[in-house]
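Here's the letter readout for the chains.
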Amino acid sequence: MTPHEVRLRKVKEYIAEYGIPIGNPELLSTALTHTSYANEHRYGELKDNERLEFLGDAILDLVVGEYLFLKYPDWAEGDLTRAKASAVCEKALADCAARIDIGRVLLLGKGEEQTGGRERPSILADAFEAMVGAMYLDTSYERVQEFVLAHLDKYLARIDTGAYSRDYKTELQEFLQQEGDVDLYYRLLRDEGPDHDKTFYIQVEQSGVPLGQGVGKSKKEAAQAAAQMALQQLQGKDTAQA
């Protein structure tokens, strides 16, 4: 049995074990192939999962966006946007991936393998998106919709109670737009630590004027923290002036 045949057998076993609604193991194998592995095996013209990740990201937005649009008919666009962002964030998708043990069947390059890539939230979240993309190509929107809503149930339930993450970047943008058009820029000040465990420092600026700084284990997390600080300071000034 060739290595490729062994790989497909493992993927088929994974599909059966977790009831993944996809009938094409080749397509799912591509969805579970990280770019680091593909780069190390270029001689075989192996495809990575980045294109499927792009498609899956769009499908997730559509499924969750439609769900929220129909479930909360009185919500404004900003409320729907923040709720959707909380349900399809990296943490939520990585959690979904972990629940179906995606890390076990990922193909990773040696560097990613040695630095804990199978448990890294960004890699797991990307692989889940790629799986959704593959599922959409192989089945139907309805099957994908059922799968996505079932696996994001915990995060969708939090939206009902209001206990979900706030999108401070959007809130800051909307707050400043009350005074007219605004152009915000999130500047990376520096990063520290090894590639597999970096800490990022980001500053949000308006027309070159610093508004707030944030720290996080990802650029997204640091940008959210910077926006939160800026929003708190600006809202505090508003209250003081009132």
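The rules behind the values
- Residues numbered from 1 in each chain as written.
- Predicted model: local features only at pLDDT ≥ 70, side-chain atom pairs only at ≥ 80, totals over all residues.
- Heavy atoms only, no water.
- Salt bridge = Lys/Arg side-chain N within 4 Å of Asp/Glu carboxyl O.
- Helix = DSSP H or I, 4+ residues; strand = E, 2+ residues; numbered from the N terminus.
- Buried < 20%, exposed > 50% of the residue type's maximum accessible area, 1.4 Å probe, protein only.
- Pairing = 2+ DSSP bridges.
- Axes fitted to C-alpha atoms, helices over the stretch in contact; angles between N-to-C directions.
- Contact = heavy atoms within 4.5 Å.
- Core = buried A, V, L, I, M, F, W, Y, C linked by side-chain atoms within 4.5 Å.

Caption draft 1: Up close: the pattern of salt bridges. Evaluated as defined, the whole model comprises 16 salt bridges. With its nearest N and O atoms 2.9 Å apart, the salt bridge here joins R104 to E17. Taken together, the positions of R104 in helix 7 (residues 102-105) and E17 in helix 1 (residues 3-18) put the pair 87 residues apart, joining distant regions of the chain. On the accessibility criterion, R104 (41% relative accessible area) is partly exposed. The partly exposed category is assigned to E17, whose relative accessible area is 48%. Its salt-bridge partner being D61, residue K84 comes within 3.6 Å of it at the nearest N-O pair. Taken as a pair, K84 in helix 5 (residues 77-87) and D61 in helix 4 (residues 50-71) lie far apart in primary sequence, 23 residues in all.

Caption draft 2: Geometry of the sheet that holds strand 1 (residues 184-192). An order of 1-2-3 is seen for the three strands of this open sheet, with the pairing classed as antiparallel. Only two strands of the sheet have a single partner each, and these edge strands are strand 1 and strand 3 (209-216). Looking at each pair of strands side by side, their axes are set apart by 20 degrees on average, direction ignored. One ladder, built from eight bridges, connects strand 1 with strand 2 (residues 199-206); its direction is antiparallel. Its bridge partner lying in strand 2, Y186 is registered against V204. Its contacts with the sheet put helix 12 (residues 168-177) on strand 1, strand 2 and strand 3, and the angle it makes with strand 1 is roughly 145 degrees.

Caption draft 3: Summary view of the nonpolar core. Core analysis: the largest hydrophobic core is formed by 48 residues, its most contacted members being I20, L28, I102, F128, M131, V148 and L152. Tallying contributions element by element places helix 9 (residues 121-138) first for this core, with ten residues. Each residue touching I102, except ones within four places of it in the same chain, is listed here: Y14, L32, A97, L124, A127, F128 and M131. Y168, F175, L231 and L234 belong to the second-largest nonpolar core, a separate cluster that totals 17 residues.

Caption draft 4: Broad picture of the pairing of strand 2. In terms of burial, strand 2 is largely enclosed, as seven of its eight residues are buried. Linking strand 1 to strand 2, which pair antiparallel, is a turn of six residues; within it G193 sits at a positive phi near 100 degrees. Hairpin remark: strand 2 followed by strand 3, antiparallel, with two residues in the connecting loop; positive phi at S207, about 55 degrees.

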